[in-house]
Amino acid sequence: MQDRLNQLQEEALLQIEAASSLKELQDVRVAYLGKKGPITEVLRGMGKLSEEERPLVGALANEVRGKIAERLQEKQVLLEAEAVQKKLAEESIDVTLPGRPVPQGNDHPLTRIVQEIEDLFIGLGYTVEEGPEVETDYYNFEALNLPKDHPARDMQDSFYITEETLMRTQTSPVQARTMEKHKGKGPIKIICPGKVYRRDNDDATHSHQFMQIEGLVVDENIRMSDLKGTLEVFAKKIFGADRKIRLRPSFFPFTEPSVEMDVSCKICGGDGCSVCKGTGWIEILGAGMVHPNVLRMSGFDPEKYSGFAFGMGPERIAMLKYGVDDIRHFYTNDVRFLKQFSPVDSSTEK
Ligand code: 2U9
């Protein structure tokens, strides 16, 4: 019996020595000291021993068990320390490594143009007004002097939702709503940016959804010269101080008289090229003096008040300013296109 115990001790100590992980060590512990282990078995069989042998075997079994437990404990401390060292080595951070670049987005070119135009007009004392994209027939057409038989009201040209509601075809209803809110009292100086919708087949210069920025000033003694001065400041700020402007007569239902504004072509300096189609001028926006009917319908007395209004398409402005040849680039979200408008140096990005 004693020999068996000594042999067990030797075997156990060898296996403890050989254990290379906490899991293996636990297996050795269970194998030798567990309830079904050989030492427990020896102790259980002590009843069959003689009176003399029993204390000797009992003492030896306890000693063997103590020694195995002690070695297990020592080895456990060692393996735990090793595991901590291994984890530390694995998780060590090299603080000298260069940082990973964080990809940085940038404003959409249309957002930039709209903000630039807004900033300019805010600097001139205007406020920014917004309104619903689903409009009533009244604010989108009626209040803007577009009579019932006007071609723009055709189902073929607008996205109708019901007989009386549609996706707005212009941002002008925002101005009409603002005038109504002012209850016939000036002054009004607003700029209205937003999305508008028209039933068009998309191509390089047309889109069923696009943006507009319109402006409106209503007060006593507002004249055509105020409009011209304002548009000149705008054109020089957006396209460059060396650009000239010219106004040509035009027609819009909501303004009378109406004009279209051209700026001198930057590419050829006015001599004529493919961009300006040989004319030396590029059309930028429409404008005019607010039609007396429009003033009256929104509660302003045209005998006392006058106003000017203008409207432009940010896509067209952006296309001219940045040399973009297809309006669809603004809506297809190709990052190769969008990144070109990045204010950060994209060549340093990974
Ligand atoms: C009210 C009174 C007058 C807004 C105006 C234009 C001329 C114009 C177009 C240019 C290209 C829009 O982006 S575009 O398709 N706009 O030419 N817009 S005057 O006149 C108004 C608006 C509201 C109450």
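- Per an unreviewed UniProt entry, the chain carries the name Phenylalanine--tRNA ligase alpha subunit and comes from Perspicuibacillus lycopersici.
- Listed in UniProt under the heading Subcellular location (unreviewed entry), the comment for the chain reads: "Cytoplasm".
- Regarding the chain, the UniProt comment filed under Subunit (unreviewed entry) reads as follows: "Tetramer of two alpha and two beta subunits."

## Considering the packing of aromatic side chains
Ring pairs (aromatic) are described by centroid distance and by the angle formed between their planes.
Then, number 1: Summed over the entire model, instances satisfying the criterion amount to 10 aromatic pairs.
Then, number 2: Aromatic pair Phe300 and Tyr305: ring centres 5.2 Å apart, planes at 80°, arrangement edge-to-face. Grouping residues by exposure puts Phe300 and Tyr305 together as buried.
Then, number 3: Seen in terms of ring centroids, Phe330 and Phe337 are 5.8 Å apart; in terms of plane orientation they differ by 80°. Their pairing is edge-to-face. Each member of the pair, Phe330 as well as Phe337, is classed as buried.
Then, number 4: Counting every residue linked through ring pairs, the aromatic cluster contains Phe121, Tyr126, Phe234, Phe308 and Phe310.
Then, number 5: Taking NZ or CZ as reference, Arg177 lies 4.2 Å from the ring centre of Tyr139, over its face.

## Focus on the domain arrangement of the chain
Then, number 1: Domain annotation for the chain reports domain 1 (2-90) and domain 2 (109-344).
Then, number 2: The straight-line distance from the C-alpha centre of domain 1 to that of domain 2 is 90 Å.

## Focus on the pairing of strand β5 (residues 209-219)
Then, number 1: The element β5 is extensively covered by neighbouring structure, given that 9 of its 11 residues are classed as buried.
Then, number 2: Two elements, strand β4 (residues 188-197) and β5, share 10 bridges in a ladder whose sense is antiparallel. Bridge pairing links Lys189 to Val217 in β5.
Then, number 3: With 7 bridges connecting them, β5 and strand β9 (residues 306-312) associate as antiparallel partners. Residue Asp219 lies in a different strand from β9, and its bridge partner there is Ser306.

## What about the nonpolar core?
Then, number 1: By size, the foremost hydrophobic cluster in this structure holds 43 residues, and its most contacted members are Phe234, Met261, Ile284 and Phe310.
Then, number 2: For this core, the secondary structure elements donating two or more residues are α5 (109-123), β5, α8 (224-239), β7 (255-264), β8 (281-290), β9, α10 (314-322) and α11 (335-338).
Then, number 3: In this structure, Phe310 is in contact with Phe121, Tyr126, Ile191, Ile213, Glu214, Gly215, Leu227, Leu231, Gly286 and Ala287, ignoring residues within four places of it in sequence.

## Brief notes about the side chain of Asn140
Then, number 1: As for its placement among the helices and strands, Asn140 is situated in helix α6 (residues 137-140).
Then, number 2: Its relative accessible area of 0% is what places Asn140 among the buried residues.
Then, number 3: Apart from the residues lying within four places of it in its own chain, the contact partners of Asn140 are Glu135, Leu146, Leu166, Arg168, Thr169, Gln170 and Pro173.

## Points about the site of the ligand
Then, number 1: If you check the shell around the ligand, you find 17 residues, and the closest are Gln212, Glu214, Phe252, Gly286 and Gly311.
Then, number 2: A distance of 3.4 Å is found between an oxygen atom of the ligand and a side-chain nitrogen or oxygen belonging to Gln212.
Then, number 3: Taking Glu214, its side chain carries an N or O atom lying 3.2 Å from a nitrogen atom of the ligand.
Then, number 4: Against a free-state accessible area of 570 Å², the protein chains account for coverage of 88% of the ligand.
Then, number 5: At the level of secondary structure, the elements contributing two or more residues to the shell around the ligand comprise α7 (172-181), β5, β8 and β9.

## Here's the deal with the sheet that holds β9
Then, number 1: Strands sit in the order β1-β4-β5-β9-β8-β7-β6 across an open sheet of 7 strands; the sheet is mixed. Looking at the sheet topology across the chains shown, the edges are occupied by β1 (127-128) and β6 (245-252).
Then, number 2: Across the sheet, α5 touches β1, β4, β5 and β9, and the angle it forms with β5 is around 5°.
Then, number 3: In the packing of α10 onto the sheet, the strands contacted are β5, β8 and β9, and the crossing angle to β8 comes to about 150°.

## Remarks on α7
Then, number 1: With 7 of 10 residues buried, α7 is to be regarded as a mostly interior element.
Then, number 2: Along α7, the residues classified as buried are Ser172, Pro173, Val174, Gln175, Ala176, Thr178 and Met179.
Then, number 3: Positive backbone phi, at 50°, marks Lys183, one or two positions downstream of α7.

Each value, and the rule that gives it
- Residues numbered from 1 in each chain as written.
- Predicted model: local features only at pLDDT ≥ 70, side-chain atom pairs only at ≥ 80, totals over all residues.
- Heavy atoms only, no water.
- UniProt positions renumbered as here; feature names shortened; annotations may be inferred.
- Phe/Tyr/Trp six-rings, centres within 6.5 Å; stacked < 30°, edge-to-face > 60°.
- Buried < 20%, exposed > 50% of the residue type's maximum accessible area, 1.4 Å probe, protein only.
- Lys NZ or Arg CZ within 6 Å of the ring centre and 35° of its normal.
- Domains from an automatic or database assignment.
- Helix = DSSP H or I, 4+ residues; strand = E, 2+ residues; numbered from the N terminus.
- Pairing = 2+ DSSP bridges.
- Core = buried A, V, L, I, M, F, W, Y, C linked by side-chain atoms within 4.5 Å.
- Contact = heavy atoms within 4.5 Å.
- Near = heavy atom within 4 Å.
- Polar contact = N/O pair within 3.5 Å; in protein donor to acceptor, adjacent residues only side chain to side chain.
- Areas by Shrake-Rupley, 256 points an atom, 1.4 Å probe, with all protein chains shown as cover.
- Axes fitted to C-alpha atoms, helices over the stretch in contact; angles between N-to-C directions.

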